[in-house]
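Now for the letters of each chain:
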Amino acid sequence: MLISVVVPCYNEEAVIARFHDHVVKEAALLGHECEFVYVDDGSADRTLFLLKELAATDPRVRYVSFSRNFGKEAAMLAGLRYASGDAVVIMDADLQHPPELIGRMVQLHAQGHDQVIAKRTRDGDRVTRVLTARAYYRLINRLVDVELVDGVGDFRLLSRRAADAVLSLAEYNRFSKGLFAWVGFPSVTFEYENAVREEGRSKWTFGKLLNYGADGLISFNNKPLRAAVYLGLLLLAVASLYAAWIVGSAVVNGVDTPGYVTLIVIITALAGVQMVMVGVIGEYIGRIYYEVKRRPHFLVQSTNAVPADRLEELVR
Ligand code: UDP
Ligand code: MG
C-alpha cells in the first residue's frame with residue numbers, strides 16, 4: 001500500500017523541517033510506502049524554499065505551490081488531487097496533529113474503515129472556546145443534514161474511494177468538515193489530546209471563526225431560507241392579531257391616537273427582520289455567483305508532482 005500524507009502549509013517556515021523529520025520517523029514504522037504532498041498555500045516566508053530543499057533530499061516529497069494564498073480548503077483539495085496513494089492522511093504542518101497517530105490510523109484503515117477520523121479533546125482549551133463550540137455544534141447539527149462533531153477537523157485518513165468521492169464534489173465553497181461527513185463510507189473516530197502549536201501563529205481570528213461558522217450553516221441546505229419564510233409568516237400572524245385588537249378597541253372605546261413608541265418599535269423591528277432575510281437570501285445568491293463563475297479552486301505556480309488525474313492520462 002502507498003500512503004500519501006497531505007500537508008497544507010501557509011507560512012510554516014518555523015516548523016516545516018521539524019514536521020518532516022517527525023513524520024518521516026513515523027512513516028518508517030508503518031511497513032508501507034509513503035509519499036508526502038506538501039501544499040504551499042502562497043506563503044510569504046521561506047516555506048516554499050524549505051519544501052524544495054526537502055524535495056531535493058527526499059524523493060518521496062512532492063510540493064505544490066500556489067500562486068497566492070487560496071486558503072486551507074483549497075490547499076487540502078490540491079493535496080488530495082496530487083496524492084496518488086491508496087490511502088491519504090491529511091494533517092496540519094504545525095505539529096498540532098501528532099504524526100505518531102498515523103500508525104494507528106493506517107491500522108484502523110486496514111480493518112476496513114474508509115475514513116479514520118481523529119477527534120481532539122478540548123482539554124486545555126479556554127472555557128469560553130469550549131462553550132461557544134458546544135453551543136455552535138448543537139445549533140448546526142439541528143440545521144444541516146450531515147452530522148458534524150465537535151473536535152473533529154481535517155485530521156483524518158481517507159481511503160482511495162473516499163478521497164475520490166471528496167474530489168468529485170466540485171463546489172467552489174468548500175466546507176470540508178461537512179464535505180467529509182457528506183461523503184460517508186464506513187468511518188471510525190478516535191480521540192487524541194490536542195497539542196499546543198509549537199511555533200508560528202494560528203491563522204484563526206475571532207472574525208474568521210465567525211465566518212467559518214456561518215459558512216457551515218449556509219453551505220448545506222436551504223433551511224435558513226425556510227426559517228426566514230417561517231419567521232415572516234409568524235410576524236404576519238402577530239401583526240394581524242395586533243391589528244384586529246386595535247380595530248376592536250377603536251370600535252369599543254373610540255379612536256385614540258397615541259402609539260408613537262409602538263410604531264417606532266414595530267417599524268425598526270420589521271426593518272431589522274427584513275434586513276436579516278435579505279442577508280440570508282443574499283448569502284445564497286452570493287454562493288450561486290461564485291459557483292457559476294466556475295473558477296479553479298487554486299492556481300499552481302510550481303510543483304514537482306503530477307496531479308493524479310493527469311497521471312492516468314500520461315500512463316495511457
Ligand atoms: N493553512 C493553509 N492556508 C491558510 C491557513 C492555514 O494552508 O490560509 C494551513 C496551516 O499551514 C496549517 C493548517 O492549515 O498547516 C492549520 O492552520 P492553523 O494552525 O493556523 O489553524 P488552527 O490549527 O489554529 O486551526
Ligand atoms: Mg494549528
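Since this is a predicted model, take the numbers as computed values, not measurements.

## A closer look at the overall build of the protein
Alright, step 1. Counting its secondary structure elements, the protein contains 11 helices and eight strands.
Alright, step 2. The globule rule puts the C-alpha radius of gyration for 316 residues at 20 Å, and the 25 Å found for the protein is more than 25% above it.
Alright, step 3. Principal-axis analysis of the C-alpha atoms gives the protein an extent of 90 × 40 × 40 Å.
Alright, step 4. The long-range fraction of contacts in the protein, counting pairs at least 24 apart against all pairs at least 6 apart in sequence, stands at 83%.
Alright, step 5. Counting only carbon and sulfur atoms, one obtains 61% of the accessible surface of the protein, whose full area is about 17,800 Å².
Alright, step 6. Computed over 35 positive and 36 negative side-chain charges, the inter-centroid distance for the protein is 4 Å.

## A look at the sheet that holds strand β3 (residues 61-66)
Alright, step 1. Read from one edge of the open sheet, eight strands run β7-β5-β6-β4-β1-β2-β3-β8, paired in mixed fashion. This sheet does not close on itself; its edge strands, each paired only once, are β7 (187-192) and β8 (300-303). Pairs of neighbouring strands in the sheet enclose a mean axial angle of 20 degrees, with direction left out of account.
Alright, step 2. Pairing between strand β1 (residues 2-9) and strand β2 (residues 33-40): eight bridges, direction parallel. Residue V6 lies in a different strand from β2, and its bridge partner there is V37.

## Details of the packing of aromatic side chains
Alright, step 1. On inspection of all chains with the given rule, the structure shows eight aromatic pairs.
Alright, step 2. A ring pair is formed by Y136 and Y137, whose centres lie 5.4 Å apart and whose planes are at 75 degrees; its orientation type is edge-to-face.
Alright, step 3. According to the relative accessible area criterion, Y137 is buried, its value standing at 11%.
Alright, step 4. Seen in terms of ring centroids, Y289 and Y290 are 5.6 Å apart; in terms of plane orientation they differ by 65 degrees. Their pairing is edge-to-face.

## Some thoughts on the pairing of β7
Alright, step 1. Taking every second residue as pointing to the same face, the buried face of β7 carries V188, F190 and Y192, while none of S187, T189 and E191 on the other face is buried.
Alright, step 2. The sheet contact formed by strand β5 (residues 115-120) and β7 spans six bridges and is parallel. Within the sheet, the bridge partner assigned to I117 lies in β7 and is T189.

## Some remarks on the coordination of the magnesium ion (ligand 2)
Angles between donor atoms at a metal ideally measure 109.5 degrees for a four-coordinate tetrahedral arrangement and either 90 or 180 degrees for a six-coordinate octahedral one.
Alright, step 1. Bound to the magnesium ion (ligand 2) on the protein side are D94 (OD) and Q96 (OE1), at distances that span 1.8 to 1.9 Å.
Alright, step 2. Judged by relative accessible area, which is 3%, D94 ranks as buried.

## Examining empty space enclosed by the protein
Alright, step 1. Tallying each qualifying case throughout the model produces one cavity of 30 Å³ or more.
Alright, step 2. What the largest cavity holds in volume is close to 30 Å³.
Alright, step 3. Taken together, E73, M76, L77, L80, V166, R174, S176 and F180 make up the full set of residues lining the largest cavity.
Alright, step 4. If you list the elements that add at least two residues to the lining of the largest cavity, you get α3 (72-82) and α7 (176-183).
Alright, step 5. Tallying contributions element by element places α3 first for the lining of the largest cavity, with four residues.

## Overview of the pairing of β3
Alright, step 1. In terms of residue burial, β3 counts as a mostly covered element, since five of its six residues are buried.
Alright, step 2. Across five bridges, the pairing between β2 and β3 is parallel. By the bridge assignment, V39 is partnered in β3 with V64.
Alright, step 3. In this view, the connection linking β2 to its parallel neighbour β3 by way of helix α2 (residues 47-57) has right-handed handedness.
Alright, step 4. Relative to β8, β3 runs antiparallel, the two being bridged by three bridges. Note on β8: the bridge partner recorded for S65 is S302.

## Some remarks on the layout of surface pockets
Alright, step 1. By volume, the second largest pocket is sized at about 620 Å³.
Alright, step 2. Looking at the lining of the second largest pocket, the elements that each hand over two or more residues are α9 (223-253) and α10 (260-293).
Alright, step 3. Broken down by element, the lining of the second largest pocket gets its largest block of residues, 10 residues, from α9.
Alright, step 4. Partitioned by chemical class, the residues of the lining of the second largest pocket number 17 nonpolar, seven polar and one charged.

Reading the values: rules and limits
Residues numbered from 1 in each chain as written. Chains lettered and ligands numbered in written order. Predicted model: local features only at pLDDT ≥ 70, side-chain atom pairs only at ≥ 80, totals over all residues. Heavy atoms only, no water. Helix = DSSP H or I, 4+ residues; strand = E, 2+ residues; numbered from the N terminus. Rg over C-alpha atoms; globule rule 2.2 N^0.38 Å. Contact = heavy atoms within 4.5 Å. Areas by Shrake-Rupley, 256 points an atom, 1.4 Å probe, with all protein chains shown as cover. Lys, Arg positive; Asp, Glu negative; His and termini not counted. Charge placed at Lys NZ, Arg CZ, Asp CG, Glu CD. Pairing = 2+ DSSP bridges. Axes fitted to C-alpha atoms, helices over the stretch in contact; angles between N-to-C directions. Phe/Tyr/Trp six-rings, centres within 6.5 Å; stacked < 30°, edge-to-face > 60°. Buried < 20%, exposed > 50% of the residue type's maximum accessible area, 1.4 Å probe, protein only. Donors = N, O, S within 2.8 Å, 3.2 Å for Na, K, Ca; no water. 1 Å grid on protein atoms, 1.4 Å probe; cavity = no way out; pocket = protein on both sides within 12 Å on 5 of 7 lines; lining within 4 Å. Points joined across faces, edges and corners; volume = space filled by probe spheres on them. Right-handed = clockwise from strand over helix to strand, strands pointing away. Nonpolar A, V, L, I, M, F, W, Y, C, P; charged D, E, K, R; others polar.

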